[in-house]
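The chain contents come next:
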Amino acid sequence: MKLIDILVNEIRTSASFNSNIQVAPSVVLWTDKLRQWESALPLLQAAMPELLVLGDYQPEKRQGPAIWLKCVIEGVLPEFELPIGKTPILYLPGYERRDLRAIAKCPDELKPLAELQYRGSWWVYNTAGRDWTVNAFLLSSSGGAGLDVASDKSTQAALLKVLPEILESERADLANKRLEAPDFNKLISSDPIRDLLAWMNEPKSARERWDDKRWEALVSIWETEFHFNPKKDGEFTAAELLCRRQGPWEGVWQRYAETCNHYSELPGLLLKVEPDLAADGSSYPARNAAEEQKLETELNKLRSGASCSDVRSALQQFEKEHSERRNWIWFGLGLSPLAGVIEHLAQVAKLTELAFNGSTVDEMAEQYKELYWQADDQVLRALASPLKNQQQELIQELLHIIYSPWLEEVTTNFQNLVARHGYDGELVARESTAKYQSGGEVVFFVDGLRFDVAKRLCARLEKLGKLTLSHDWAALPSVTATAKAAVTPVQDRLTGRTTDKDFQPSLVESEASFSSHYLKKYLAEKGWVYLAETETGDPSTNAWVQSGDIDKEGHVKGLKLANRIDPLLDEIVERVEDLFSASWRRIRIVTDHGWLLTPSTMAKVDIAKYLTETRWGRCALVKDNVQTDHLKVGWYWNKDVTVAMAPGIRNFTAGKHYDHGGLSLQECFTPVIDLINNQPATAKPSVNATINEIRWVGLVGKLSCDVEGDGVVAVLRTQPGNAESEISPRKPLKDGKCTLMVDDEFEQTSAVVVLLDETGNVIAKQPTIVGGED
């Protein structure tokens, strides 16, 4: 047990009372004339959220003048609430018990608290009512730690300097031995390597942060263990020793490798060290920087004059030369971005060496499904690499050289097959997504879930249940208005008229255009529920959910969509977790279409305005009885309506990186993900709860809820459906309220307040920022 646990227990025990003859004390009074405990206040308040401090008005630190403290204790400040079920503890630094006892002579600033001594209890040492000193607490076997502590001045001074470290220590580590100054000094630096790295990271601020006693202790330790004196040798010598990794410095290097993200300034110091050509270069950031510069120079040479084949060969060779650097710590620190992006470029180069073809549309689709979707995925990953603007332009140019011609040829091959044999989507699009299971199924529509992105999504969803990935074909043209309607459970209520505009089908029963209003109306008539963004619904029914902004982000951000893919997929996974937590058994994820994303803007192709009724980027509505050289298909909802397709990966509109509506595998070959919940079915929660407010006071969140039912607990998670992401203890709600405490490492973290029923089902949630908004 840690000493802090013993101390907290003893202080709280002071509030014990005999309910047969006494009333509960209103407060525990803790006087400290010598202010010995002040240095440990942050630690003490973290362990005792009911601990209040007399002092200047700082409510975020639970500190204030006597009048304010009195109001807090009486519970008349709605904006400040004490933990439920805990007796308030009032710490009075600079005062002793007799300052309150002698009311006539009580200092004015203390008088409002004087009456508390008659309805409160004291935490005092022995029956004489003396203050608990730190030494008394450590020595006493009655109400203290029962340790053997030397009484000399140096020991007494040392224990006060390291009081927080002492309280954080395990009693067993300090027991059964005579504790003297050196024993306490070791607590100053229980981890000399950590302190050495912290000093190297910020020498000046670290030195200012440590008092002379601690600094001298560290100097002595480092000189003994690492043969290094910071006062004589300085930080640059330490940097040289760290990079060389010889003798005891190998251990320092291993620690740095494990925790390098904690020392943001240290790479700048190490970068000044000239690499030892005879040593392992991985520990020298200057070596890594030189290799990065070399790679960038070589990549720039490929921008002009080199053939597509030569560029592909060079990229794969560069990957062999630089792949090892991804194992160096500098890659994890973001200092080797080109060593990272070259992996993706090399994969694109390898996959695009041959433009695949087939004798049928299905044959091409199978090849894409088995292998070539990875080319699209690797392009996205290359574009999402964290690079400077100039480097991003370089990568886009290289992708244009190796990917765009391949994409053009593959798309042309696909369009030629469609021209000869027809488009499978004319028959299939209604089939694979129209046969929905009756009861217990959610159809989760994600706009623009391209097949390669769906593969990335599947990798995230596999842990949640039994997953099956199949495919469908987008209804043509592959725009949202047409293709989304084709995968809804109400597609049988829709038709296409020659008068319909913008590829939007209309209703069978009237000429009104299909819209979200009619989707909800027809779903309800079929016994389905349309779930809004945060709703989870009744798992005994069928439900339609739509989420994910992939297509919207693509149109707005263009190439920058690549950076948004993973966050967008995280949102989809979170929604799936919520639905499974609400006891849904099956979720089918469907989409309307994919898209093209080209590293350079798509080449513009003209189609005369007089030939078209409507012209979009990748498709155009052709007027009746008009001839055009472009590939033509029938509109999915009415084959009498003719749609012209942009050839290859070209576009009827200039300046597009992102678009859809055309005829390519990337736009038309769409995923269908079936996910079966692998958790045992649970009864629907018998309680209802709504979160009204989460208010932060420091790292303590005060929660207020409306609850119907028993057994509801609250917790903070970074992922609402994942119990392993919890960052606070679970707390039961009492009268709809509780407090949630979080360690300081999670301050300003995006989290979610989650309410759980007795079986662990999520019944309510609300996002928050730990500690409050910035």
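Before reading on, note that the structure itself is shown above.
Presented here is an overview of the structure given in this document. (Residues numbered from 1 in each chain as written. Predicted model: local features only at pLDDT ≥ 70, side-chain atom pairs only at ≥ 80, totals over all residues. Heavy atoms only, no water.)

So, on to the overall build of the protein. Scanning the protein from terminus to terminus reveals 31 helices and 28 strands. Reported as C-alpha extents along the three principal axes, the dimensions of the protein are approximately 105 × 70 × 45 Å. Burial analysis of the protein (774 residues in total) assigns 52% to the buried set. Entry remark: accessible area of the protein is about 35,100 Å², with carbon and sulfur atoms responsible for 47%. Across the protein, 87 positive and 112 negative side-chain charges occur, with their mean positions spaced 2 Å apart. (Helix = DSSP H or I, 4+ residues; strand = E, 2+ residues; numbered from the N terminus. Buried < 20%, exposed > 50% of the residue type's maximum accessible area, 1.4 Å probe, protein only. Areas by Shrake-Rupley, 256 points an atom, 1.4 Å probe, with all protein chains shown as cover. Lys, Arg positive; Asp, Glu negative; His and termini not counted. Charge placed at Lys NZ, Arg CZ, Asp CG, Glu CD.)

Glancing now at unusual backbone geometry. Here the bond from L476 into P477 is cis, since omega is -5°, no more than 30 degrees from zero. With respect to the helices and strands, the residue P477 is situated in the loop between β9 (465–473) and α27 (480–486). The backbone phi angle of D735 is positive, close to 55°, even though this residue is not glycine. Along the polypeptide, D735 turns up in the loop between β25 (731–732) and β26 (737–741).

This part covers the pattern of salt bridges. Under the definition given, this model contains 44 salt bridges. Linked by salt bridges that have partners in common, D377, R381, R456, R460, D566 and D570 make up one network. (Salt bridge = Lys/Arg side-chain N within 4 Å of Asp/Glu carboxyl O.)

What the four strands build is an open sheet, ordered β25-β24-β27-β28; its pairing is antiparallel. One side of each edge strand has no neighbouring strand; the edge strands of this open sheet are β25 and β28 (762–769). Examined bridge by bridge, strand β24 (residues 713–717) and β25 share two bridges and lie antiparallel to one another. Looking across to β25, one finds that V713 is bridged to P732. (Pairing = 2+ DSSP bridges.)

The next thing to look at is a negative patch on the surface. On the surface, a cluster of negative charge is contributed by D743, D744, E745 and E747. When you line up the elements, D744 lands in the loop between β26 and β27 (750–756). Overall, the relative accessible area of 58% leaves D744 in the exposed class. (Patch = residues over 30% accessible without salt bridge, like charges linked within 9 Å, V, L, I, M, F, W, Y side chains within 5 Å.)

Under the counting rule described, the total for this entry stands at 37 aromatic pairs. With 5.9 Å between their ring centres and 45° between their planes, W199 and W222 make a pair best called tilted. In this pair, W199 is assigned in helix α12 (residues 192–201) and W222 in helix α14 (residues 212–226), connecting sequence segments 23 residues apart. Across the pair, exposure class does not vary: W199 and W222 are buried alike. (Phe/Tyr/Trp six-rings, centres within 6.5 Å; stacked < 30°, edge-to-face > 60°.)

Between its terminal C-alpha atoms helix α21 (residues 337–351) stretches 22 Å, which fits the 21 Å expected from 15 residues at 1.5 Å a residue. Most of α21 is tucked away, with twelve of its 15 residues classed as buried. Elements in contact with the buried residues of α21: α18 (285–301), α19 (308–322), α20 (329–332), α22 (361–383), α23 (389–402) and α24 (404–421). (Expected span 1.5 Å × (residues − 1). Contact = heavy atoms within 4.5 Å.)

Quick look at the nonpolar core now. Of all hydrophobic cores here, the largest spans 118 residues; its most connected members are L299, L315, I589 and L665. Setting aside anything within four residues of it in sequence, one finds L315 in contact with L299, L302, I342, L345, A346, A349, L398 and I402. Counting 41 residues, the second-largest nonpolar core is a separate cluster that includes L41, L44, L174 and A181. (Core = buried A, V, L, I, M, F, W, Y, C linked by side-chain atoms within 4.5 Å.)

Moving on to the pairing of strand β16 (residues 612–615). Judged from the three bridges that link them, β16 and strand β17 (residues 619–622) form a sheet pairing that is antiparallel. Bridged to T612 within β17 is V622. Here β16 folds back onto β17 in antiparallel fashion, the turn holding three residues.

Spatially, β22-β23-β26 is the arrangement adopted by the three strands of the open sheet, whose pairing is antiparallel. On the outer flanks of this sheet lie β22 (688–697) and β26, each paired with one strand and no other. Between one strand axis and the next, the sheet turns through 25° on average, direction left out of account. Strand direction decides the pairing type here: β22 and strand β23 (residues 700–708), joined by nine bridges, are antiparallel. Its bridge partner lying in β23, I694 is registered against L703. (Axes fitted to C-alpha atoms, helices over the stretch in contact; angles between N-to-C directions.)

Our next topic: the environment of T541. Looking at the secondary structure, you find T541 in the loop between β12 (528–530) and β13 (542–547). Among the residues examined, T541 registers a relative accessible area of 21% and is labelled partly exposed. As a C-alpha pair, T541 and K466 span 75 residues in sequence and 21 Å in three-dimensional space. With near-sequence residues (within four places) excluded, T541 lies in contact with G439, G440, E441, G527, V529 and W584.

To continue, consider the side chain of Q63. Along the chain, Q63 turns up in strand β3 (residues 63–64). Setting aside anything within four residues of it in sequence, one finds Q63 in contact with V53, L54, G55, D56, Y57, Q58 and W68.

On to the environment of C668. The topology assignment puts C668 in helix α31 (residues 665–668). Since its relative accessible area comes to 0%, C668 is described here as buried. In this structure, the C-alpha to C-alpha distance between C668 and A475, residues 193 residues apart in sequence, is 7.8 Å. Not counting residues within four places of it along the chain, the set of residues in contact with C668 comprises Y423, D472, W473, A474, L476, S478, G662 and L663.

Our next topic: helix α3 (residues 66–74). Owing to its 3.6 residues per turn, the α-helix brings residues three or four apart onto one side. When we look at burial in α3, the residues that qualify are A66, W68, L69, V72 and I73. End-on, the buried residues of α3 take up no more than an arc of 160°, which puts them together on one face. Summarising the contacts, the buried residues of α3 are in contact with β2 (51–54), β3, β4 (89–93), α5 (111–114) and α6 (116–119). Two residues or fewer past α3, G75 is found with a positive phi of approximately 70°. (Arc of directions from axis to C-beta.)

Right, let's talk about the state of the cysteines for a bit. Within the structure shown, the criterion is met by zero disulfides. No disulfide involves C458; its nearest neighbouring cysteine sulfur is the one of C668, lying 20 Å away. Considering cysteine sulfurs only, C619 is the nearest to C668, which forms no disulfide, with 10 Å between them. (Disulfide = S-S within 2.5 Å.)

Structural measurements only, silent on function.
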